[in-house]
Amino acid sequence: MSQITNHLPTAELQVLDAAHHLHPFTDGDALNAKGVRIITRADGAVLTDSEGLEMLDGMAGLWCVNIGYGRPELAQVAADQMRQLPYYNTFFQTTHIPALALAARIAEVAPEGMDHVFYAGSGSEANDTNIRLVRHYWASQGKPDKRIIISRRNGYHGSTMGSASLGGMSGMHAQGGLPIPDIEHIGQPFWYGEGGDTDPQDFGLARARELEAKIAELGEDNVAAFIAEPIQGAGGVIIPPESYWPEIQRICDQHEILLIADEVICGFGRTGEWFGCQALNIRPDIMTIAKGLTSGYQPLGGSIVRKEVAEAINAAGEFAHGYTYSGHPVAAAVALENLRILEEDGIITHAREVAAPYLAEKWATLADHPMVDDARTFGMLGGLQLTPDKSARAKFKADVGTVGLRCRERCFGNGLVMRHVGDRMIISPPLILTPAQIDTLVERAWQSIDETFLAVRRDGLFEAM
Ligand code: PXG
């Protein structure tokens, strides 16, 4: 086969991709009929495709490129580590410098007491680890029946059998026989979509108390843990009412349930703090990490484990669990360099003090558009609802996601990567965005929403259910 390079015509690359590549979360026939988009390079917050089109990346890849693209330091560290020690495992009473140094550094930036790390290759793997870890922990405490993990509908925790079972995505559960046993789901704190006439704070409390009711139903002695994202990402950037997390914390503490905060999206500066737990004042026992840990430059995930839990695991004999690539030296070295840049370049401070407040102000102006409601941000996460009738928080008279998908397509056409989840539009840009880039992002978002609005009206879809 001839060498495949960036220089082949796009159409030829698309044919090759269609012939041999099965894409994640993709309707393959629909994609191949249209032709895949091919990204060839990126710098800062800007992507370039095979046609030379430039796009502002409002999603930081897939919620991960926190420091932005094109940092040569990470390339250098990866190359150096590959030369010195490209691989060794962390099994059999062995370690290496990148794995131990990274764990020590993570313990420094993590909340007080969160001082041990178990490595995985991704967020999904890390959440699979968490399922086994919490069950092993309770067994070590003489409570082997504490096995059930409670999670939330429309939460996202990954795509493996275990992590997708933890997640509450009905479309995922519909395929492949999910969820696995001993995972239970409660409602999400999504006031805009599900709160009806209740006051948002009352709704937040009510949704938190579903956890207490579920624990009572199952029996406290059968429940190991509750897992949730501090702010739901893939579910549509859902920012819970302020009443929600303190009540969840109370319930977990009172009923001796381990609290797992899935920080895969919220971690490493996304909320303007190192972790979402710090921004929301949550005291977890385990935190799932991935994505921003390496800014996506290498695949790496893990679980940060509270001291007392880690010590119990260490005291319980062998934990029969691990991955070939647990603590991979190249990924760990890149993560360390990424954490250095986040700190020394003041990127988290920039996110907290400059980018996030400016984004909050500008993003909110999108709600002036007749089709937009609930335009809110938390740190460098933004979400808004497309609706034909704000006063009723109404849905469109079309399948959910029809309008959102159209809007996303308009965004691509206007040089902006913005995602849709149903009829919500969401962003999670690199943390390094300048105010000028935020202006561009919001201008392109407005233009795309407005073009969608005109088309939707023309097609008679601007009507409530
Ligand atoms: N937890 C959370 C909170 C996530 O957002 C995972 C775990 C799984 O991580 P890995 O590394 O196994 O992918 C994620 C991943 C989307 C989308 O459509 C979001 C994710 C992954 C793929 C698609 O928004 N988040």
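I will try to describe carefully the structure that is included in this document. Residue positions are counted from 1 within each chain, in the order its sequence is given. Owing to the predicted nature of the model, reporting of local features is limited to residues with pLDDT of at least 70; listing and counting of side-chain atom pairs is limited to 80 or more, with chain, interface and lining totals taken over all residues. Excluding hydrogens and water, the side-chain values take into account all heavy atoms of the structure.

1. Points about the overall build of the chain
Across its full length, the chain holds 17 helices and 15 strands. We take the radius of gyration over the C-alpha atoms and set the globule estimate at 2.2 Å times the residue count to the 0.38 power. A compact globule built from 465 residues should have a C-alpha radius of gyration of about 23 Å, and the chain, at 22 Å, falls within 12% of that. Considered along the principal axes of its C-alpha atoms, the chain spans approximately 65 × 60 × 45 Å. Accessible area is worked out with a 1.4 Å probe on protein chains only. A residue is then buried under 20% of its type maximum, exposed over 50%, and partly exposed in between. Burial statistics for the chain: of 465 residues in total, 53% are counted as buried. It only takes one pair of heavy atoms within 4.5 Å for two residues to be counted as in contact. Taking the intrachain contacts of the chain between residues at least 6 apart in sequence as the baseline, contacts between residues at least 24 apart amount to 71%. Averaging the positions of the 38 positive and the 59 negative side-chain charges in the chain gives two centres separated by 2 Å. In this text, helices come from DSSP runs of H or I with a minimum length of four residues, and strands from runs of E with a minimum of two, each type numbered from the N-terminal end. His is not counted, nor are the chain ends, whereas Lys and Arg count as positive and Asp and Glu as negative. All charge positions are set by atom: Lys at NZ, Arg at CZ, Asp at CG, Glu at CD.

2. A look at the packing of aromatic side chains
To pair, rings of Phe, Tyr and Trp, with the six-membered ring standing in for Trp, must have centres within 6.5 Å; the planes then decide the type, stacked if under 30 degrees apart, edge-to-face if over 60, and tilted in the middle. Under the counting rule described, the total for this entry stands at 10 aromatic pairs. Between Phe118 and Phe319, the aromatic rings sit 5.8 Å apart at their centres with planes inclined by 65°, giving edge-to-face as the arrangement. Taken together, the residues span a long stretch of sequence, with Phe118 in strand β4 (residues 114-120) and Phe319 in the loop between α13 (307-315) and α14 (329-344) at a distance of 201 residues. Through a chain of ring-to-ring contacts, three or more aromatic side chains come together here, namely Tyr87, Tyr88 and Tyr325. Two thresholds decide whether a charge sits over a ring: the Lys NZ or Arg CZ must be within 6 Å of the ring centre and within 35 degrees of the ring normal. For the cation-ring pair, Arg37 lies above Phe412, with the distance from its terminal atom to the ring centre recorded as 3.6 Å. Geometry around Trp191 places Arg393 over its ring, the cationic atom sitting 3.8 Å from the centre.

3. A short note on the layout of surface pockets
Cavities and pockets are defined on a 1 Å grid built over the protein atoms alone: a cavity is a set of grid points where a 1.4 Å probe fits but cannot escape, while a pocket is an open set with protein on both sides within 12 Å along at least five of seven lines, and lining residues are those with an atom within 4 Å of any such point. Grid points are joined across faces, edges and corners, and a volume is the space filled by probe spheres set on the points. In this structure, the second largest pocket encloses a volume near 810 Å³. Contributing to the lining of the second largest pocket are 27 residues, with Thr90, Val117, Phe118, Asn314 and His321 lying nearest its centre. Looking at the lining of the second largest pocket, the elements that each hand over two or more residues are α5 (97-109), β4 and α13. Here the element with the most residues in the lining of the second largest pocket is β4; it accounts for four residues. Taken together, the residues of the lining of the second largest pocket sort by class into 15 nonpolar, 11 polar and one charged. Under the convention adopted here, Pro, Cys and the residues Ala, Val, Leu, Ile, Met, Phe, Trp and Tyr are nonpolar, Asp, Glu, Lys and Arg are charged, and Gly plus all remaining residues are polar.

4. A word on the side chain of Asn414
Mapping Asn414 onto the fold places it in the loop between α16 (402-413) and β13 (416-417). Classification of Asn414 by relative accessible area gives buried; the value is 16%. Sequence-distant contacts of Asn414, that is, excluding residues within four places in its chain, are made with Arg444, Gln447, Ser448 and Glu451.

5. Focus on the nonpolar core
Among the nonpolar cores identified, the biggest contains 104 residues, and Phe226 and Leu386 are the most heavily contacted of them. Residue contributions to this core reach at least three from each of two domains, namely domain 1 (37-67 + 346-458) and domain 2 (73-344). Ile131, Ile149, Ile260 and Val305 belong to the second-largest nonpolar core, a separate cluster that totals 20 residues. Only buried Ala, Val, Leu, Ile, Met, Phe, Trp, Tyr and Cys residues count toward a nonpolar core, and they belong to the same one when joined by side-chain atoms within 4.5 Å. Marked domain ranges trace back to an automatic or database domain assignment.

6. Examining the pattern of salt bridges
For this document, the term salt bridge refers to a Lys or Arg side-chain nitrogen within 4 Å of an Asp or Glu carboxyl oxygen. This model, assessed by the stated rule, comprises 27 salt bridges. With its nearest N and O atoms 3.3 Å apart, the salt bridge here joins Lys214 to Glu184. Here Glu184 lies in strand β6 (residues 183-186) and Lys214 lies in helix α10 (residues 200-218), a separation of 30 residues in the sequence. For Glu184, a relative accessible area of 26% corresponds to the partly exposed category.

Take it as geometry only, folks, not as evidence of what the structure does.
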